[in-house]
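# Architecture at a glance
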Amino acid sequence: MTGAENVRASLRLLGLGGRDLATAEQFVAGFADLGSFLLETVRVYSQGMRLRLAYAIAIATQPEVLITDEVLAVGDESFQRKCSRHMVDFVEGGGTLVLATHNLYLAEKLCGTALWLERGRERAVGPAGEVAKAYRDSLAGGWSEPRRSAVRAEQSSIPAGGRALAVLSGASVTTGGHVRMRFEDPWEISVPFAAEKSAAVREVEIDRPDGAVVARIPVDGWRGGVLTIPAGSILPGRYRLRLSDPSTSAAQETLWVECVGARREIGSVLLRHRWHRTSSKAAPEALWGS
């Protein structure tokens, strides 16, 4: 059977007919975006193409509960983004999403509650962020627990020639190259002085585990100090900080940071923005949102 024939048969099995069937078929064709391949037999489809068709059929009936199993593990990036946006809208619209995945990033962003299964048995259940942390602990030897005592540093307290790249914040602790901090706290990154004034301009690079670069911030010449990123700018997730020399691409220091919090947006940063109507008389300050 062709892709189009599979769509029609599947939608009929789901109880659609008449005008509803025609509308659903158009939706599936648009969402799956397979073009002329919709008229080819499904046996020639790649795994990603099959997934496109299956997911589009599943959501065409506007279900109240959506159960997915590693739906974003295959397929191209554009379709993965389309599915992610649909899942966010689905959950925000009151739908119930059951997501089976090894992608902790998606689990934390899309789900409120997580169940960790190992060999068919329950290992942990609770808030998605806490369960994801417990799972990471089992793989990487554990994250350091945050200390409640304040840890602060002024620029003058950083010794010349110091080598440690560190995050200094009221709810963070640095241990063994890892730091854990809250979304509500500012990122205060301690950058050591270069050994020599003639050193090339260095950069502080912030990366995600998948390799995506969040930001590259230049360090002014040989100087060190404290780089401050406002609280609430970087979304919860796992990041890598690298102090590097662009001329050699060598990392002088590396630090892993886990940012924790209740925010669940897809992405890495929150951009300051505002919505307004052209006829609005409100002051600009009242229109800023996050």
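Here's what I pulled together on the structure shown here. (Residues numbered from 1 in each chain as written. Predicted model: local features only at pLDDT ≥ 70, side-chain atom pairs only at ≥ 80, totals over all residues. Heavy atoms only, no water.)

The next subject is the overall build of the chain. Check the secondary structure of the chain and you find six helices and 15 strands. A burial count over the chain gives 37% of its 290 residues as buried. For the chain, contacts bridging at least 24 residues in sequence account for 58% of all contacts bridging at least 6. Accessible area for the chain stands at about 17100 Å²; split by element, carbon and sulfur atoms hold 52% of it. (Helix = DSSP H or I, 4+ residues; strand = E, 2+ residues; numbered from the N terminus. Buried < 20%, exposed > 50% of the residue type's maximum accessible area, 1.4 Å probe, protein only. Contact = heavy atoms within 4.5 Å. Areas by Shrake-Rupley, 256 points an atom, 1.4 Å probe, with all protein chains shown as cover.)

Once that is clear, we can look at unusual backbone geometry. For Asp33, which is not glycine, the phi torsion reads 55 degrees and is therefore positive. On the secondary structure map, Asp33 appears in the loop between α2 (18–32) and α3 (47–60). At Gln62, a position not held by glycine, the phi torsion is positive, near 50 degrees.

For the largest pocket, the calculated volume is near 1300 Å³. Taken together, 48 residues make up the lining of the largest pocket; nearest its centre are Asn103, Leu104, Tyr105, Leu106 and Lys109. Taken together, the residues of the lining of the largest pocket sort by class into 20 nonpolar, 10 polar and 18 charged. Of the volumes computed, that of the second largest pocket is approximately 530 Å³. Lining of the second largest pocket is provided by 19 residues; of these, Leu99, Thr101, Leu115, Trp116 and Leu117 occupy positions nearest its centre. Counting residues per element, the ones that place at least two in the lining of the second largest pocket are β2 (96–100), α5 (104–110), β3 (113–118) and α6 (128–140). (1 Å grid on protein atoms, 1.4 Å probe; cavity = no way out; pocket = protein on both sides within 12 Å on 5 of 7 lines; lining within 4 Å. Points joined across faces, edges and corners; volume = space filled by probe spheres on them. Nonpolar A, V, L, I, M, F, W, Y, C, P; charged D, E, K, R; others polar.)

Moving on, we get to the pairing of β2. Residues Leu97 and Leu99 line the buried face of β2, whereas the alternating positions Thr96, Val98 and Ala100 sit on a face that is not buried. With five bridges joining them, strand β1 (residues 65–69) and β2 adopt parallel strand pairing. Among the inter-strand pairings, Asp69 is bridged to a residue of β2, identified as Ala100. (Pairing = 2+ DSSP bridges.)

Next up on the list: the nonpolar core. Counting residues in each nonpolar core, the largest one holds 31 residues, and the members touching the most others are Leu53 and Tyr55. Looking at this core, the elements with two or more residues in it are α1 (3–13), α2, α3, α4 (77–92), β2 and α5. In terms of residues, this core owes the most to one element, α3, which gives eight residues. (Core = buried A, V, L, I, M, F, W, Y, C linked by side-chain atoms within 4.5 Å.)

This brings us to a nonpolar patch on the surface. A cluster of nonpolar side chains, contributed by Val65, Ile67 and Val98, occupies part of the molecular surface with about 290 Å² of accessible area. Along the chain, Ile67 turns up in strand β1. (Patch = residues over 30% accessible without salt bridge, like charges linked within 9 Å, V, L, I, M, F, W, Y side chains within 5 Å. Salt bridge = Lys/Arg side-chain N within 4 Å of Asp/Glu carboxyl O.)

The strand order across the open sheet formed by three strands is β5-β8-β11, and the pairing between neighbours is antiparallel. A strand with exactly one partner marks an edge of an open sheet, and here the two such strands are β5 (166–167) and β11 (225–229). Pairing analysis gives two bridges linking β5 to strand β8 (residues 187–191), with the strands arranged antiparallel. Counterpart to Val167 in the pairing with β8 is Ile189.

A word on the pairing of strand β12 (residues 237–245). With seven of nine residues buried, β12 is to be regarded as a mostly interior element. As paired strands, strand β9 (residues 202–207) and β12 are joined by five bridges and run antiparallel to one another. Following the sheet pairing, Ile206 is matched in β12 by Leu241.

If charged atoms from side chains of opposite charge come close, those side chains can pair. Taken as a whole, this structure holds eight salt bridges when the rule is applied. Connected through shared salt-bridge partners, Glu205, Asp207, Arg216, Arg240 and Arg242 make up one network.

Another point: the packing of α1 against α3. Where α1 meets α3, the closest approach of the two axes is 10 Å, and the angle between their N-to-C directions is 30 degrees. In terms of orientation, α1 and α3 fall into the roughly parallel class. In the packing of α1 onto α3, the handedness of the crossing is right-handed. Of α3, the residues touching α1 (which contributes Gly3, Asn6, Val7, Ser10 and Leu11) are Leu53, Ile57 and Ala60. Broken down by class, the residue content of the contact of α1 with α3 amounts to five nonpolar, three polar and no charged. (Axes fitted to C-alpha atoms, helices over the stretch in contact; angles between N-to-C directions. Parallel < 35°, antiparallel > 145°, perpendicular 65-115°, else oblique. Left-handed = near helix turned anticlockwise from the far one by under 90°.)

None of this, on its own, says anything about what the molecule does.
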